[in-house]
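# Observations on the three-dimensional arrangement
For reference, the chains in residue letters:
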Amino acid sequence: MSAREELKDPFAHLHDEAYASPYDGNPATADTLLAMGGREGVSLNGTWNFTLDLFDEGLRQKWFADEPLSPELWRKPRDYDAGAGQTITVPSCWTTWKPEWKYFEGGAWYTRTIEWLPSPERPRAFLRVGAANYRARVFLNGEFVGSHRGGSTPFCFELTEQLRPGENRLQIQVDNSRHPSHVPMNHIDWFNDGGLYRDVDILQLPPVFIADATLQLKPISDFSALDLEITLSDKVSGTANISIPELDATWSVDIVDGKARATLAASPVLWSPDYPKRYEVTFAYEGDRIVEQIGFREVRIEGTRILLNGKSIYLKGICVHEDDVVVGKVSTEEDVRRRFADARDLGCNFLRLSHYPHHEHVARIADELGFLLWEEIPVYWAIDFDSDSTLADAGNQLRELIRRDRNRASVILWGIGNENADTDARYQFMKSLATIAREEDSSRLVGAACLINREEFRIEDRLAEHLDVIGINEYFGWYEPDFSGLQTLLANSTPEKPVIISETGADAKSDFHGRNDELYTEECQARIYAQQVASIASVNYICGLTPWLLYDFRSERRQTVFNQGFNRKGLIAENKKTRKQAFDVLAKFYHSYERK
Ligand code: GCB
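All of the points below concern the structure found in this document. (Residues numbered from 1 in each chain as written. Predicted model: local features only at pLDDT ≥ 70, side-chain atom pairs only at ≥ 80, totals over all residues. Heavy atoms only, no water.)

Along its length, the protein carries ten helices and 32 strands. Taking 2.2 N^0.38 as the reference for a compact globule, 596 residues should give roughly 25 Å; the C-alpha atoms of the protein span a radius of gyration of 25 Å, in line with that estimate. For the protein, the spread of C-alpha atoms along the three principal axes comes to 80 × 60 × 45 Å. Out of the 596 residues in the protein, the part that is buried amounts to 59%. Pairs at least 24 apart in sequence give 73% of the contacts found in the protein among residues at least 6 apart. (Helix = DSSP H or I, 4+ residues; strand = E, 2+ residues; numbered from the N terminus. Rg over C-alpha atoms; globule rule 2.2 N^0.38 Å. Buried < 20%, exposed > 50% of the residue type's maximum accessible area, 1.4 Å probe, protein only. Contact = heavy atoms within 4.5 Å.)

In terms of residue burial, strand β18 (residues 279–285) counts as a mostly covered element, since six of its seven residues are buried. Inspection of the sheet shows strand β15 (residues 238–244) paired to β18 by three bridges, in the antiparallel sense. In the sheet register, Ser243 faces β18, and the bridge partner there is Thr282. The sheet contact formed by β18 and strand β19 (residues 288–294) spans seven bridges and is antiparallel. What sits directly across from Val281, in β19, is Glu292. Taking the residues that link successive antiparallel strands as the turn, the β18-β19 hairpin has two residues, and the phi of Glu286 there is positive, at about 45°. (Pairing = 2+ DSSP bridges.)

On to the pairing of strand β26 (residues 411–418). Of all eight residues in β26, eight are buried, a share of seventy percent or more. With four bridges connecting them, strand β25 (residues 372–376) and β26 associate as parallel partners. Residue pairing across strands places Glu375 opposite Trp414, the latter belonging to β26. In this view, the connection linking β25 to its parallel neighbour β26 by way of helix α6 (residues 388–405) has right-handed handedness. Where the polypeptide runs from β26 across helix α7 (residues 424–440) and back to strand β27 (residues 445–450), its parallel neighbour, the crossover connection is right-handed. (Right-handed = clockwise from strand over helix to strand, strands pointing away.)

Moving on, we get to the site of the ligand. Close contacts around the ligand come from 14 residues, with Asp189, Tyr380, Glu419, Tyr479 and Lys569 the closest. Asn418 has a polar side-chain atom sitting 2.8 Å from an oxygen atom of the ligand. Taking Lys569, its side chain carries an N or O atom lying 2.6 Å from an oxygen atom of the ligand. Grouping the constituent residues of the shell around the ligand by class yields five nonpolar, four polar and five charged. (Near = heavy atom within 4 Å. Polar contact = N/O pair within 3.5 Å; in protein donor to acceptor, adjacent residues only side chain to side chain. Nonpolar A, V, L, I, M, F, W, Y, C, P; charged D, E, K, R; others polar.)

Okay, the side chain of Ser92 next. By the secondary structure assignment, Ser92 is in the loop between β3 (86–90) and α3 (94–97). A polar contact is formed between the side chain of Ser92 and the backbone oxygen of Thr89, at a distance of 2.6 Å. The residues contacting Ser92, other than those within four sequence positions of it, are Trp97, Tyr110, Gly194, Gly195, Leu196, Tyr197 and Val330.

A cis geometry characterises the amide bond from Asn133 onward to Tyr134, with omega recorded as 5°. Within the secondary structure, Tyr134 is located in the loop between β6 (132–133) and β7 (135–140). Look at the link from Val183 to Pro184: it is a cis peptide, with omega at 10°. Structurally, Pro184 is set in the loop between β10 (166–175) and β11 (195–196).

Before going further, it helps to spend a moment on the sheet that holds strand β1 (residues 42–43). Judged by pairing direction, the sheet is antiparallel, and its four strands sit side by side in the order β1-β12-β5-β9 without closing on themselves. For this open sheet the edge positions go to β1 and β9 (155–158), each flanked by a neighbour on one side alone. Sheet topology places β1 next to strand β12 (residues 200–205); two bridges connect them, and they run antiparallel. Bridge pairing in β12 links Val42 to Ile202.

So, about the environment of Val183. Note on placement: Val183 falls in the loop between β10 and β11. Between the C-alpha atoms of Val183 and Ile383, which are 200 residues apart in sequence, the distance is 6.7 Å.

A complete count under the given rule lists 54 salt bridges for this structure. The partner of Asp189 in a salt bridge is Arg557, with the nearest N and O atoms 3.3 Å apart. Here Arg557 lies in the loop between β31 (553–554) and β32 (566–567) and Asp189 lies in the loop between β10 and β11, a separation of 368 residues in the sequence. Under the relative-accessibility criterion, Arg557 is labelled partly exposed at 40%. Notably, a salt bridge pairs Asp405 with Arg404, separated by 2.9 Å at the nearest N-O pair. Ionic contacts of the salt-bridge type, sharing partners, join the residues Asp31, Asp212, Arg399, Arg403, Arg406, Glu439 and Glu440 into one network. (Salt bridge = Lys/Arg side-chain N within 4 Å of Asp/Glu carboxyl O.)

Now for a nonpolar patch on the surface. Side chains of Val325, Val326 and Val327 sit close together on the surface and give an oily, nonpolar patch of about 230 Å² of accessible area. Locating Val327 in the fold gives a position in the loop between β23 (315–320) and α4 (333–346). (Patch = residues over 30% accessible without salt bridge, like charges linked within 9 Å, V, L, I, M, F, W, Y side chains within 5 Å. Areas by Shrake-Rupley, 256 points an atom, 1.4 Å probe, with all protein chains shown as cover.)

Take α7 next. The first and last C-alpha atoms of α7 sit 25 Å apart over 17 residues, in line with the 24 Å expected at 1.5 Å per residue. Within α7 the residues assigned to the buried category are Arg426, Tyr427, Phe429, Met430, Leu433, Ala434, Ile436, Ala437 and Glu440. (Expected span 1.5 Å × (residues − 1).)

Aromatic rings in a pair are described by how distant their centres are and how their planes are angled relative to each other. Scanning the model with the defined rule gives 32 aromatic pairs in all. With a centroid separation of 6.3 Å and an interplanar angle of 20°, the aromatic rings of Phe64 and Trp109 are classed as stacked. In this pair, Phe64 is assigned in the loop between α2 (57–60) and β3 and Trp109 in strand β4 (residues 107–116), connecting sequence segments 45 residues apart. A relative accessible area of 5% places Phe64 in the buried class. Looking at Trp109, the relative accessible area reads 0%, which means it is buried. Consider the rings of Phe64 and Phe139, whose centres lie 4.1 Å apart with planes at 20°: the pair is stacked. (Phe/Tyr/Trp six-rings, centres within 6.5 Å; stacked < 30°, edge-to-face > 60°.)

Ordered by their spatial adjacency, eight strands build a closed barrel running β23-β24-β25-β26-β27-β28-β29-β30, and the pairing between neighbours is parallel. On average, each strand axis in the sheet is tilted by 30° relative to the strand beside it, whichever way the strands run. In terms of strand pairing, strand β24 (residues 350–353) meets β25 through four bridges, oriented parallel. Opposite Arg352, over in β25, you have Trp374 as the bridge partner. The strands touched by α6 within the sheet are β25 and β26, with β26 carrying the most contacts at an inclination of about 170°. (Axes fitted to C-alpha atoms, helices over the stretch in contact; angles between N-to-C directions.)

In contact at an axis separation of 8 Å, α4 and helix α10 (residues 581–592) are set at 65° when each is read in the N-to-C sense. As judged from the angle between their axes, α4 and α10 are roughly perpendicular. Every residue of α10 that contacts α4 at Asp342, Arg344, Asp345 and Leu346 is listed here: Phe583, Leu586, Ala587, Tyr590 and His591. Residue composition of the contact of α4 with α10, by class: five nonpolar, one polar and three charged. (Parallel < 35°, antiparallel > 145°, perpendicular 65-115°, else oblique.)

Laid out in structure tokens, this is it:
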């Protein structure tokens, strides 16, 4: 123990309520996020030491600064000893790890050792975390590295300077507290899982490397040009080489100050749900390469239509949460493929990944299978729309999502919010988000799931002028028992943009049967679906629907005898097997419907 440490007042932390602020700095943002693009990381998945920390003692007492010593060598008492804690597997949610941790909302410490073997060709090291709900603070060898806000997007930190050859101690404090400044805020209709619940990797990279590379079909180019953007790790100049062997195409592009932007002539076979054609694309800069499977397609609007590759498309969709009774928000590839298989049976060509960015392999699998996606950030219900810091957080989550997925043909729409009341503050906040979405990606649509004008029974939201597609959440037949309101709403509305019914539905407990006007029966849910599709089908400005939703999911807001901690609006029960009657109603509609 150093003399300085001996002198430290052992009681100072008891009176310090500003203890967390030193660890909110050096934020990881979209600008520090690195493209994975086929890179092989050194996986840090597996067993980590783990301690829940209800009172934030770790930050108050600087647990991370304690050298790991076996207890007989301690010279003063400690409240934390990583080795004596419990262990957990990464990725996972602590909320599903032990029954007694189910409702824990607060901080938790993950600690593990990493071996570092410096390599002359790849001397730079980056930590990449797939997602940590909600706030993460990273420490290496007792020093604070940086922090990240946002529970569902990936983030990176460079560790090169702090890593020592041999053993290093990596600690990540993850805090899933709900808070008024967060996005989402306190009130959500899903389970607030906590943890490092997606992959964690170390990327070993050359001195200058490709930080990000995007190639997509240039909008309104007669399908004959590709937009390229490459960002290097450093502001150097040079040449990047891009190749698509299947098209027999290679291009050399100048990089100036670490950036290359170019339009490349090419006429690839277009990607679509009917023919999800992808090409292997290689981006190379000196010794560094990123290899991506990319599909090329165009999406745009014309009046009240959505055009995919120039042809009007009707979006036969379904909403889905990232939720599982056993593993929480962890999305295994098997589970993702099951979602798509069920959606396929339903007759879908479209999924709304609600209400936050789902695992990055979802869009890759959608590219491969031929599904279109609506991806969104959790600007959900009430948000502190007056706060600049909250806007910065939401804007960053949106940029991180877009940069993560903008090579994915499946993603056609960025959702910037869900059911937010139409106030002035919300209008300004979401207008800024729409601008960010377009700055990041001008080739996709921007939408939001909006509320309706309930006084006038009209589709009306001031935000619509900044959207390409208006999503409408309406629950006629359920929260609004008088179904005739839907016909009034549809007849009263003359939107000038495409509308998607982004939610509709009803709860039903699977295997609970009764009259079709008896709430929570499968018959009642099926009747509401039948009425909904019959009312919507003939409305010209409606370009698709994503009813709420594929599977029942955990939601502690719901505690009736029917719900027992679940939102039961799934077409399939939470076991992901038992289909309810409404599944067949929607499947029949989707399999037979052709828009005139
Ligand atoms: C909504 C929300 C969704 C809820 C759903 C419901 O409008 O967007 O998150 O789960 O209603 O079941 O009430």
